[in-house]
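Examining the three-dimensional arrangement
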Amino acid sequence: MVHPLFRHAEFYTTVNHLRDLPQGTSTEIAFVGRSNAGKSSAINTLVGRGRFAFTSKTPGRTQHINFFRLRDTCFMVDLPGYGYAQVPQAIRQHWGHLLSTYLQTRPVLYGMILIMDIRHPLTKLDLQTLEWFAQTGKAVHILLTKADKLSRSKTTAILAEVRQFLAVNYPGCTVQTFSSLTSEGAEEASELLQSWFDTSHAEIQQANGSKDDSQKKTPAKGD
Ligand code: GDP
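Predicted, not measured: the structure shown is a model, and the values here were computed from it.

Section: the sheet that holds strand β4 (residues 74–78)
As summarised here, the arrangement of the 7 strands in space is β1-β3-β4-β2-β5-β6-β7, forming an open sheet in which the pairing is mixed. In this open sheet, the two edge strands, each paired with only one partner strand, are β1 (10–15) and β7 (174–177). Adjacent strand axes in the sheet meet at a mean angle of 25°, parallel and antiparallel pairs treated alike. One ladder, built from 5 bridges, connects β1 with strand β3 (residues 65–71); its direction is antiparallel. The residue bridging E10 from the neighbouring strand is R69, located in β3. Where helix α1 (residues 39–47) meets the sheet, it contacts β2 (27–33), β4, β5 (109–117) and β6 (139–145), and its direction lies at approximately 135° from that of β2. Packed on one face of the sheet, helix α4 (residues 152–169) meets β6 and β7 and runs near 170° to β7.

Okay, here's the thing in C-alpha cells:
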C-alpha cells in the first residue's frame, strides 16, 4: 500500500545548474547514493509507480537534480548518483560540484536519505558524503536496500553493524533495511519521510509565528 504522502507525487523539474534551482519550495528531502545502489528503484517503490524516477535515467539527465513534488511546497529531490566510473572526468567534476553545493548550502533542505546496497554498505564515497553532510547538522536516514538478496540473519547482522558504526560516529543518524523487490521497509521509510515533512512544517510555522510576534511587539509610530 502506497503511503498517502505519495498519492499526488509528480515530476516537477530537472536542474543542471545551481542558478536554476526552483524558488518557492518550503521543504526538500534529498535522495543520494552511489550509482546502481538502487536509488531510483527505492523512489519508485515508495511512490508505487514502476517508472516514476526513471526520468532521471534518460540519457543526459543522469547528472541532473530531479525534483518531484509531493504536495504544496514539499519536494523529494533525486540527486545524481556518485561513483559512476564510465563518465568523463569533467562531467564527474560538474556533478560532484552540483551535488555537494546543493547538499551543503540549500536552506530549504531538511534532510538526506542515503541509499546503500546492503551488500556494500559504507563505501568510501558514502563515508565522504556522510562526513561533509554531518557538518550541516541536518537529518540523515540510511536505506540499506536490496535486502532481499541476503538471508534474514545476514541482513540483521549488517544492520546491527551499520547501526553500531553510526551510534559511534554519527549519533542521530538512523538506518533501516529496504527492498524494492519485496517492498520490505517501504512503510517505515514512508512514515519517516512523513515525520520529517511534518517537523519541517511545524518549524516553519513556528518561525513565521515568532516573526509575526516580533512585528506585533514593535511599537507603531506615535506610540
Ligand atoms: P540507481 O542507479 O541507484 O538509481 O539504481 P537502480 O534503482 O537503477 O537499481 C540498480 C539495479 O539494481 C537495477 O538492476 C535494479 O533492478 C536493481 N535493484 C534495485 N533495488 C533492488 C532491490 O531492492 N532488490 C533487488 N533484488 N534488486 C534491486
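Focus: the site of the ligand
Close to the ligand lie 16 residues, the nearest being N36, S40, S41, D148 and S180. A distance of 2.7 Å is found between an oxygen atom of the ligand and a backbone nitrogen or oxygen belonging to N36. Taking D148, its side chain carries an N or O atom lying 2.7 Å from a nitrogen atom of the ligand. Within the complex, the protein chains bury 75% of what would otherwise be the 580 Å² of accessible surface of the ligand. Looking at side-chain class alone, the shell around the ligand contains 2 nonpolar, 8 polar and 6 charged residues.

Some words on the pattern of salt bridges
Overall, the coordinates contain 6 salt bridges when judged by the stated rule. Between D78 and K39 there is a salt bridge, with its nearest N and O atoms 2.5 Å apart. You can see D78 sitting in strand β4 and its partner K39 sitting in helix α1, a full 39 residues away along the chain. Like K39, D78 is buried.

Thresholds, definitions, all that
Residues numbered from 1 in each chain as written. Predicted model: local features only at pLDDT ≥ 70, side-chain atom pairs only at ≥ 80, totals over all residues. Heavy atoms only, no water. Pairing = 2+ DSSP bridges. Helix = DSSP H or I, 4+ residues; strand = E, 2+ residues; numbered from the N terminus. Axes fitted to C-alpha atoms, helices over the stretch in contact; angles between N-to-C directions. Contact = heavy atoms within 4.5 Å. Near = heavy atom within 4 Å. Polar contact = N/O pair within 3.5 Å; in protein donor to acceptor, adjacent residues only side chain to side chain. Areas by Shrake-Rupley, 256 points an atom, 1.4 Å probe, with all protein chains shown as cover. Nonpolar A, V, L, I, M, F, W, Y, C, P; charged D, E, K, R; others polar. Salt bridge = Lys/Arg side-chain N within 4 Å of Asp/Glu carboxyl O. Buried < 20%, exposed > 50% of the residue type's maximum accessible area, 1.4 Å probe, protein only.

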